[in-house]
Amino acid sequence: MKAIRRFTVRPVLPDTLRPLSDLARNLRWSWHEPTRELFRSVDPDGWKAAESDPVRLLGSVTAARLTELAADEDFLAALAAAADDLDRYLREPRWYQAQHSERLPAAVAYFSPEFGVTAALPQYSGGLGILAGDHLKAASDLGVPLTGVGLLYRHGYFRQSLSRDGWQQEHYPVLDPGELPVTLLREHDGSPARVTLALPGGRRLHAHIWVAQVGRVPLLMLDSDVEENGPAERDVTDRLYGGGSEHRLLQEMLLGIGGVRAVRAYARLTDGPEPEVFHTNEGHAGFLGLERIRELMGSGLDFDGSLESVRAGTVFTTHTPVPAGIDRFDRELVARHFGEDGELPGVDVTRVLALGRETYPGGDQGVFNMAVMGLRLAQRANGVSTLHGAVSREMFSGLWPGFDAQEAPITSITNGVHAPTWVAPELAALCGRATDVPDRELWDLRRTLREQLVGDVRERLRASWRQRGAGSAELGWIDSVLDPDVLTIGFARRVPSYKRLTLMLRDKPRLTSLLLDPERPVQIVVAGKAHPADDGGKRLVQELVRFADDPKVRHRIVFLPDYGMGMARRLYPGCDVWLNNPLRPLEACGTSGMKAALNGGLNLSVLDGWWDEWFEPDFGWAIPTADGAAALDEERRDDLEAHALYELVEKRVAPRFYDRGADGVPSRWTEMVRRTLTDLGPKVLADRMVREYVERLYAPAAEAARALVPGAARELAAWKAEVRAAWPQVTVDHVEFGEDLGEAELGATLLVRVRVALGTLRPDDVEVQAVAGRVDPDDTLTGARVSVLKPTGTPDLEGRRLYEGPLVLDRTGPFGCTVRALPSHPLLPTPTDLGLTALPSEAKGEGAGVLMR
Ligand SMILES: *Cc1c(COP(=O)(O)O)cnc(C)c1O
């Protein structure tokens, strides 16, 4: 029989145990080992059955056990200590409070389509969400006044299992908020707080707001599954990354527009500060900028002034160079949902559409691009590793047509991971001592972690085979799957094609002989979900599963279904080597290898994302990538890179792992583990990442936003309009370098002079620069330095002004220089902001820039 209604009966805790409920409701337990220990001690078997979820644990524990605990002095003392500790954590001043800086924002709102905080709140699909979760946790640890904003998906992403023949099966269990660690945001009268969006045809989309408390950071999650909605609207937040484009658009409108309204409601109901900075994690939440424009227009500013003000306080992070990761909507669809008949009445739809337009060469005029809008609505933008910053500048350079790609105003902050979440407790206990721990101890600890993984893998594999229809009698072999003394390689991630799940299968006999090597065997643990609509990805999963099902190798290679945070926490510490073989440079950062490194795992990876930046031979191995013609032929490229991978494993990795001293310890390996822990570990931390966001993006954004009070915003917008109109008249000519450049010597100083016609602009509106540096054979400047030329004298008869300044020839070899004029205003974040520049008529390539609108 099926139930027609389900609801959750909450346990009634005896008074003395009440603090347990507070501890369960603050997700800090998910990274605070002593609190987890406390919950485990409530009921060790129940804790396991509840998959380490305190809310579920408390829902299942018997009344008799509660009575027993209520009288257990030791337990009560531990409970009081944990409650005190949480209380202190929530109140005491932390890093942010110690900055004593007026520059820092009073609050920051951080928007993301997914958040991976804990397996107990499954609202993520992969790296983007887990990064967002780590961002919240690190912000909490640092005391950064951040509020997370997302959606509550009633089915989360999906749960993965396998059919008998290895085809991915998707399940969408319903998540009941009553069983999740969230609380409903309520008005002072007790009714649920609500946000409402207008949809075409007079329909309304309502949502309630759930709050998950992530340490000090509230995470607001909008939920459209409420009675006031019609059936279609109820389903808007049904699942993450599901549905067609209209469904996605509604989700993103709810996230961006509804999200800002939720932030306002939360500030009002908690008497908290309003955010000064809005950070959007990837383009999906970009509509938040439009909602803020609407708010400002309601207070009397026009569109352009509001746009300037909003841009000043917005930070946009791009996370992928892969086109499938960027949302692009049909323009008509967007047009239908905005304007008088939809949301943001009063905001001109043509202005909205212009923000998402792909104005650059090769752009599709029929689409509305969320990343492009994200860049236009934010004064500050970044990629997520040094390499990805460069790739993003190249990719989006068409938005700043007068400039070289490397001048595009997109910086980079390399991702990091939250150590308390990802470091095995056994290793965390070693914290700070890694330099001094004897090899033996370090090696034994690594073995313990590997052994735990082996146990975990067997359990998961058995469950998977049961699920695939095998009877217990068939499964005896699982007891000898994996060996706690064999070199263990991990590979787990989502399965988009660029991550190349099956690269290791390129030469199956070769892989087989590596796995079965009698002296130096290797074992591999693989996991990953393919997007439900990606049959190509599911075929890759199937190919891997079929290989791993083969009785000849199944004790050395396993595929574990349903990769998620719970599994990941076991996997990273247990693997000796973490493998990553994406197609360079498509892995924007990658974070799983960082989590492995924090646990003393060595990386074996293509030089992409973070590994391109921080690879050192002490931390692991770099898989060489194909270049030249081979890189262009997919088959050859994969063959070459797979071959390089096998070679590394056979000739370098395995020999080092099995090279044992008299004491049985591989000292060179342990040395690498130690160096990884002590030298690489501190770099890959989310703490470091969030501090960088605060110092390099949030603080300047808050200052810029404060400077753009309505009067200044109006003035800046008017100034931009004037400069755009006048720019075609700005010309740069008669450049002189004072000396014959052919004879130049190192250390010489040249006097650069140039005449610039300003048209109707004032000298202050323009900055004239000399740009000089190395040149390549086609005269392109690389690594150029900019120096500002000063206006001198009065305009000549034709109204042109003379600018001049010194230029030092500080390097030998081919040297080149040019001159350009740019718009200049104290409130511009970068000189590229308008996408306008004027070059001398003799300059090669484009002349005067085109407007960026
Ligand atoms: C860290 C993590 C990811 C991201 O891994 P990448 O290296 O970025 O591919 C995905 N899923 C889970 C469960 C993770 O913990």
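Residues numbered from 1 in each chain as written. Predicted model: local features only at pLDDT ≥ 70, side-chain atom pairs only at ≥ 80, totals over all residues. Heavy atoms only, no water.

### Observations regarding the overall build of the protein
The test is simple: Here a strand is any run of E in DSSP of at least two residues, a helix any run of H or I of at least four, and the numbering for each starts at the N terminus. We compute the radius of gyration over the C-alpha atoms and compare it with the globule rule, which gives 2.2 Å times the number of residues raised to the power 0.38. Relative accessible area decides the class of each residue, using a 1.4 Å probe on protein chains only: under 20% of the type maximum gives buried, over 50% gives exposed, and in between gives partly exposed. Per-residue accessibility takes into account occlusion by the displayed protein chains alone, with areas from the Shrake-Rupley method and a 1.4 Å probe. Residues scored as positive are Lys and Arg, those scored as negative are Asp and Glu, and His as well as the terminal groups of each chain are ignored. Lys charges are placed at NZ, Arg charges at CZ, Asp charges at CG and Glu charges at CD.
Counting secondary structure elements, the protein contains 28 helices and 28 strands. The C-alpha radius of gyration of the protein comes to 29 Å, within 12% of the 29 Å expected for a compact globule of 853 residues. Counting only C-alpha atoms, the protein reaches 95 × 70 × 50 Å along its principal axes. When the 853 residues of the protein are sorted by exposure, 56% land in the buried category. Accessible surface, the protein as shown: approximately 34,300 Å² in total, 51% of it carbon and sulfur. In the protein, 100 side chains carry a positive charge and 122 a negative one; their mean positions are 3 Å apart.

### Regarding the domain arrangement of the protein
As a reminder of what qualifies: An automatic or database domain assignment provides the domain bounds reported here.
Each assigned domain of the protein is listed here: domain 1 (15–91), domain 2 (105–417 + 694–707), domain 3 (437–683) and domain 4 (725–852). For domain 1 and domain 3, the distance between their C-alpha centroids amounts to 35 Å.

### Quick look at the site of the ligand
Rules: For each residue, the test is whether any non-hydrogen atom lies within 4 Å of the molecule or strand; if one does, the residue is near. N or O atoms closer than or at 3.5 Å make up a polar contact, with two conditions inside protein: a donor-capable atom paired with an acceptor-capable one, and, for residues adjacent in sequence, both atoms drawn from side chains. Just so you know the grouping, Ala, Val, Leu, Ile, Met, Phe, Trp, Tyr, Cys and Pro go in nonpolar, Asp, Glu, Lys and Arg go in charged, and all remaining residues, Gly too, go in polar.
Close contacts around the ligand come from 15 residues, with Ile130, Lys499, Tyr572, Ser592 and Lys595 the closest. Within the backbone of Thr591, one N or O atom sits 3.2 Å away from an oxygen atom of the ligand. Ser592 places a side-chain nitrogen or oxygen 2.5 Å from an oxygen atom of the ligand. Considering the ligand on its own, with 390 Å² of exposed area, one finds that the protein chains cover 95% of that surface. Those elements that place two or more of their residues in the shell around the ligand are α7 (127–142), α21 (565–574) and α22 (592–598). A total of three residues in the shell around the ligand trace back to one element, the largest contributor, which is α21. For the shell around the ligand, the class distribution of residues is six nonpolar, six polar and three charged.

### Some remarks on the packing of α7 against helix α27 (residues 686–707)
Put simply, the test is: Note on geometry: axes are lines fitted to C-alpha atoms, helical ones only across the stretch in contact, with angles between N-to-C directions running from 0 to 180 degrees. Oblique is the label for every angle not falling under 35 degrees (roughly parallel), over 145 degrees (roughly antiparallel), or within 65 to 115 degrees (roughly perpendicular). Two residues qualify as a contact provided that any one of their heavy atoms is within 4.5 Å of a heavy atom in the partner residue.
At a closest axis distance of 9 Å, the pairing of α7 and α27 adopts a crossing angle of 80°. When the axis of α7 is compared with that of α27, the two are roughly perpendicular. Across the interface between the two elements, Leu131, Asp134, His135, Ala138, Ala139 and Leu142 from α7 touch Ala686, Asp687, Met689, Val690, Arg691, Tyr693 and Tyr698 from α27. A breakdown of the residues in the contact of α7 with α27 according to their chemical character gives nine nonpolar, one polar and three charged.

### Topic: the packing of aromatic side chains
What counts, and what does not: Two rings from Phe, Tyr or Trp (for Trp, the six-membered ring) form a pair when their centres are within 6.5 Å of each other. A pair whose planes differ by under 30 degrees is stacked, one over 60 is edge-to-face, and the rest are tilted. Criterion for a charge above a ring: Lys NZ or Arg CZ within 6 Å of the ring centre, and within 35 degrees of the ring normal.
Here the structure, examined in full by the defined rule, presents 19 aromatic pairs. Where Tyr157 meets Phe158, the ring centres are 4.8 Å apart and the plane angle is 50°; that geometry is what we call tilted. Here Tyr157 falls in the buried class, since its relative accessible area comes to 8%. Aromatic side chains Phe287 and Phe368 sit 6.2 Å apart centroid to centroid with 20° between the ring planes, which places their arrangement in the stacked category. Note that Phe287 is positioned in the loop between β11 (277–281) and α10 (288–298) and Phe368 in strand β14 (residues 367–369), a separation of 81 residues in sequence. Here Phe287 and Phe368 have matching classes, each one buried. Through pairs of rings, three or more aromatic residues link up here, namely Trp443, Trp621, Phe657, Tyr658 and Trp669. When the ring centre of Tyr172 is taken as origin, the NZ or CZ atom of Arg239, which lies over that ring, is 3.6 Å away. The ring of Phe657 carries the charged tip of Arg660 above its face, separated from the ring centre by 5.1 Å.

### Considering the sheet that holds strand β24 (residues 749–757)
To keep things clear, this is the line we draw: For two strands to be treated as a pair, DSSP must find at least two bridges joining them.
If you trace the six strands from one edge of the open sheet to the other, you get β23-β24-β27-β26-β25-β28, paired in antiparallel fashion. Two strands close off the open sheet at either side, each with one partner strand: β23 (731–736) and β28 (815–823). Each neighbouring strand pair of the sheet contributes to a mean axis angle of 30°, computed without reference to strand direction. In this structure, strand β26 (residues 781–792) lies alongside strand β27 (residues 800–808), joined through three bridges in antiparallel fashion. Following the sheet pairing, Lys790 is matched in β27 by Glu804.

### Some remarks on the sheet that holds strand β19 (residues 557–560)
Where strands meet in a sheet, backbone hydrogen bonds hold them as pairs that are either parallel or antiparallel. Ordered in space as β19-β18-β17-β20-β21-β22, the six strands form an open sheet in which the pairing is parallel. Among the strands making up the open sheet, the edge pair consists of β19 and β22 (620–623). Averaged over neighbouring strand pairs, the angle between their axes works out to 20° when direction is ignored. One ladder, built from four bridges, connects strand β18 (residues 522–527) with β19; its direction is parallel. Note on β19: the bridge partner recorded for Ile524 is Ile557. Running over the sheet, helix α18 (residues 439–467) touches β17 (487–492), β18 and β19 and is turned about 65° from β19. Its contacts with the sheet place helix α25 (residues 634–658) against β17, β18, β20 (577–580), β21 (602–606) and β22, and it is angled at close to 165° to β22.

### With respect to the packing of α18 against α21
Here is the rule we go by: Two helices cross in a left-handed way if the nearer one is turned anticlockwise from the farther one by less than a right angle. They cross in a right-handed way if the turn is clockwise.
Between α18 and α21, the shortest axis-to-axis distance is 8 Å and the interhelical angle comes to 140°. Comparing the axis directions of α18 and α21 gives the class oblique. Handedness of the α18/α21 crossing: left-handed. Listed contacts from α21 to Arg446, Leu449, Arg450, Gln452, Leu453, Asp456 and Arg460 of α18 are Gly566, Met567, Arg570, Leu571, Pro573 and Gly574. When the residues that make up the contact of α18 with α21 are grouped by side-chain class, the tally is five nonpolar, three polar and five charged.

### Observations regarding the side chain of Asp53
Tracing the sequence through the fold places Asp53 in the loop between α3 (44–49) and α4 (54–60). Within the structure, the side chain of Asp53 is placed 3.0 Å from the backbone nitrogen of Val55, a separation counted as a polar contact. Non-local contacts of Asp53, meaning those with residues more than four positions away in its chain, are made with Trp29, Trp47 and Ala120.

### Examining the environment of Val756
Following the sequence through the fold, Val756 ends up in strand β24. Separated by 23 residues in sequence, Val756 and Asp733 have C-alpha atoms that sit 6.3 Å apart. Excluding residues within four positions of it along the chain, Val756 makes contact with Val730, Thr731, Val732, Val768, Arg800, Arg801, Tyr803 and Ala821.

### Some remarks on the confidence of the model for the protein
Defined as follows: pLDDT is defined as a per-residue confidence score from the predictor, taking values between 0 and 100.
Confidence in the prediction of the protein, expressed as mean pLDDT, is 94, and 97% of residues score 70 or more. Residue range residues 844–853 is modelled with pLDDT below 50. Its contacts to residues more than four positions away, or to other chains, number 26 contacts.

### So, the side chain of Ser125
Mapped onto the elements of the fold, Ser125 is located in the loop between β3 (122–123) and α7. Overall, the relative accessible area of 13% leaves Ser125 in the buried class. Dropping the residues within four chain positions of it, Ser125 is found in contact with Glu114, Tyr157, Leu240, Tyr241 and Arg494.

### Considerations on helix α20 (residues 535–549)
Worth spelling out the cut-off: Here, expected helix span is obtained from the residue count minus one, scaled by 1.5 Å.
The terminal C-alpha atoms of α20 lie 20 Å apart, and with 15 residues this matches the ideal 21 Å at 1.5 Å per residue to within 8%. Residues of α20 that are buried include every one of Gly537, Lys538, Leu540, Val541, Gln542, Leu544, Val545, Phe547 and Ala548, and no others. The inward-facing, buried residues of α20 contact β5 (159–162), β6 (168–171), α19 (508–516), β18 and β19. Its side-chain oxygen at 3.2 Å from the backbone nitrogen of Gly536, Asp534 defines the N-terminal cap of α20.

### Examining the pattern of salt bridges
How we decide: Between Lys or Arg on one side and Asp or Glu on the other, a salt bridge is scored when a side-chain nitrogen of the former is within 4 Å of a carboxyl oxygen of the latter.
In this structure the tally under the stated criterion is 71 salt bridges. As a salt-bridge pair, Glu291 and Arg261 come within 2.9 Å of each other at their nearest N and O atoms. With Glu291 in helix α10 and Arg261 in helix α9 (residues 245–270), this residue pair connects regions lying 30 residues apart in the sequence. Of the two residues examined, Glu291 and Arg261, each falls in the buried class.

### Brief notes about the environment of Gly793
Assignment of secondary structure puts Gly793 in the loop between β26 and β27. Expressed as a C-alpha distance, the spacing of Gly793 and Tyr803, which sit ten residues apart in the sequence, is 8.7 Å.

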